[in-house]
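# A look at the structure
Here is how the chains run, residue by residue.
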Amino acid sequence: YKNKKFYEILSIAEKAPDDIRCDPGVVSFELEASRKMKKYDYVIKKANELLGDEREESDFTLLLKIVKAYAIKDKGEVEKAKEEFREMLSCVGKENVHYARVLCGIVFCGDIRSESEAKEFMHMLNMALENKIYNESAAFDIACALEFLESQLADRVERAPHRQQA
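Notes on the structure in this doc start here. Owing to the predicted nature of the structure, the values given are computational and were not obtained by experimental measurement. (Residues numbered from 1 in each chain as written. Predicted model: local features only at pLDDT ≥ 70, side-chain atom pairs only at ≥ 80, totals over all residues. Heavy atoms only, no water.)

Scanning the entire structure with this criterion turns up 13 salt bridges. The partner of Arg-113 in a salt bridge is Asp-111, with the nearest N and O atoms 3.5 Å apart. Among the charged side chains, a salt-bridge network with shared partners connects Glu-32, Arg-35, Lys-73, Asp-74 and Arg-101. (Salt bridge = Lys/Arg side-chain N within 4 Å of Asp/Glu carboxyl O.)

In structure tokens, the structure reads:
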């Protein structure tokens, strides 16, 4: 996945026996590769099917929701993606390995609601990096989200009205 060999990932997954194809790790690689190949409708449909089969919340169901929300965003339905990410944010704990990807999703959707929220997200994303609380594929997204947040905060400082000395 890190080497962007999406076609190879899908080819291997398609040829694997059913018990391997159903493994959560394999499913997540397949969906992420499909998303990177812009197969958004497929990813959303497959995630919905798998979410319908799951009876309880787990890291796997959260991962499915995350990949689905990113596909929705990438498809251009940003408002819907914002709702999906915000809903996940209200349910996932800060110690969860997928928490940073939820924050990144909100950042990439442009849904930072205040300067204090931007600072909180930056803090949490930096903590995730320092403590390695993220899945392997999220490190690049975290770095991009931090860069975006830093530039947004710098822009706000530059645009802030300067006070006159009395």
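With respect to the helices and strands, the residue Arg-101 is situated in helix 7 (residues 99–108). Looking at Arg-101, the relative accessible area reads 2%, which means it is buried. In contact with Arg-101, not counting residues within four places along its chain, are Glu-32, Arg-35, Leu-63, Ile-66, Val-67, Tyr-70, Phe-85, Asn-135, Ala-138 and Asp-141. (Helix = DSSP H or I, 4+ residues; strand = E, 2+ residues; numbered from the N terminus. Buried < 20%, exposed > 50% of the residue type's maximum accessible area, 1.4 Å probe, protein only. Contact = heavy atoms within 4.5 Å.)

Direction vectors running N to C along helix 3 (residues 24–36) and helix 4 (residues 40–53) enclose 155 degrees, while the axes themselves pass 8 Å from each other. The angle between helix 3 and helix 4 falls in the class roughly antiparallel. Crossing angle aside, the handedness with which helix 3 passes helix 4 is left-handed. For the pair helix 3 and helix 4, the contacting residues are Val-27, Glu-30, Leu-31, Ser-34 and Arg-35 in the first and Tyr-40, Tyr-42, Val-43, Lys-46 and Leu-50 in the second. Among the residues forming the contact of helix 3 with helix 4, the class breakdown is 6 nonpolar, 1 polar and 3 charged. (Axes fitted to C-alpha atoms, helices over the stretch in contact; angles between N-to-C directions. Parallel < 35°, antiparallel > 145°, perpendicular 65-115°, else oblique. Left-handed = near helix turned anticlockwise from the far one by under 90°. Nonpolar A, V, L, I, M, F, W, Y, C, P; charged D, E, K, R; others polar.)

Turning our eyes to something else, we now look at the nonpolar core. Grouped together as the largest cluster of nonpolar side chains are 43 residues, with contacts concentrated most on Phe-85, Val-102, Phe-121, Leu-125, Ile-142 and Leu-149. Elements supplying a minimum of two residues to this core: helix 3, helix 4, helix 5 (59–74), helix 6 (78–91), helix 7, helix 8 (115–131) and helix 9 (138–159). Counting residues per element, this core draws most heavily on helix 5, which supplies 10 residues. Ignoring sequence-local partners within four residues, the contact set of Val-102 consists of Ile-66, Phe-85, Met-88, Leu-89 and Val-92. (Core = buried A, V, L, I, M, F, W, Y, C linked by side-chain atoms within 4.5 Å.)

With the rule as written, the count across this model stands at 1 aromatic pair. Between Tyr-70 and Phe-85 the ring centres are 5.0 Å apart and the planes differ by 75 degrees, which places this aromatic pair in the edge-to-face class. Of this pair, Tyr-70 sits in helix 5 while Phe-85 is found in helix 6, placing the two residues 15 residues apart along the sequence. Given the relative accessible area of 2%, Tyr-70 is considered buried. (Phe/Tyr/Trp six-rings, centres within 6.5 Å; stacked < 30°, edge-to-face > 60°.)

Another point: helix 5. Relative to the 22 Å expected for 16 residues at 1.5 Å per residue, helix 5 spans 22 Å between its end C-alpha atoms, a close match to the ideal helical length. Counted residue by residue, helix 5 has 13 buried out of 16 residues, so it is predominantly covered. (Expected span 1.5 Å × (residues − 1).)

With that out of the way, let us pick up the environment of Tyr-70. Taking the C-alpha atoms as reference, Tyr-70 lies 9.7 Å from Arg-101; in sequence the two are 31 residues apart. Residues in contact with Tyr-70, not counting those within four places in the same chain, are Arg-35, Phe-85, Arg-101, Cys-104, Gly-105, Phe-108 and Asp-141.

A word on unusual backbone geometry. One non-glycine residue, Lys-38, adopts positive backbone phi at about 65 degrees. Take Lys-38: it is sitting in the loop between helix 3 and helix 4. A positive phi is found at Lys-132, a non-glycine position, where the angle reads about 55 degrees. Positionally, Lys-132 belongs in the loop between helix 8 and helix 9. A relative accessible area of 64% places Lys-132 in the exposed class.

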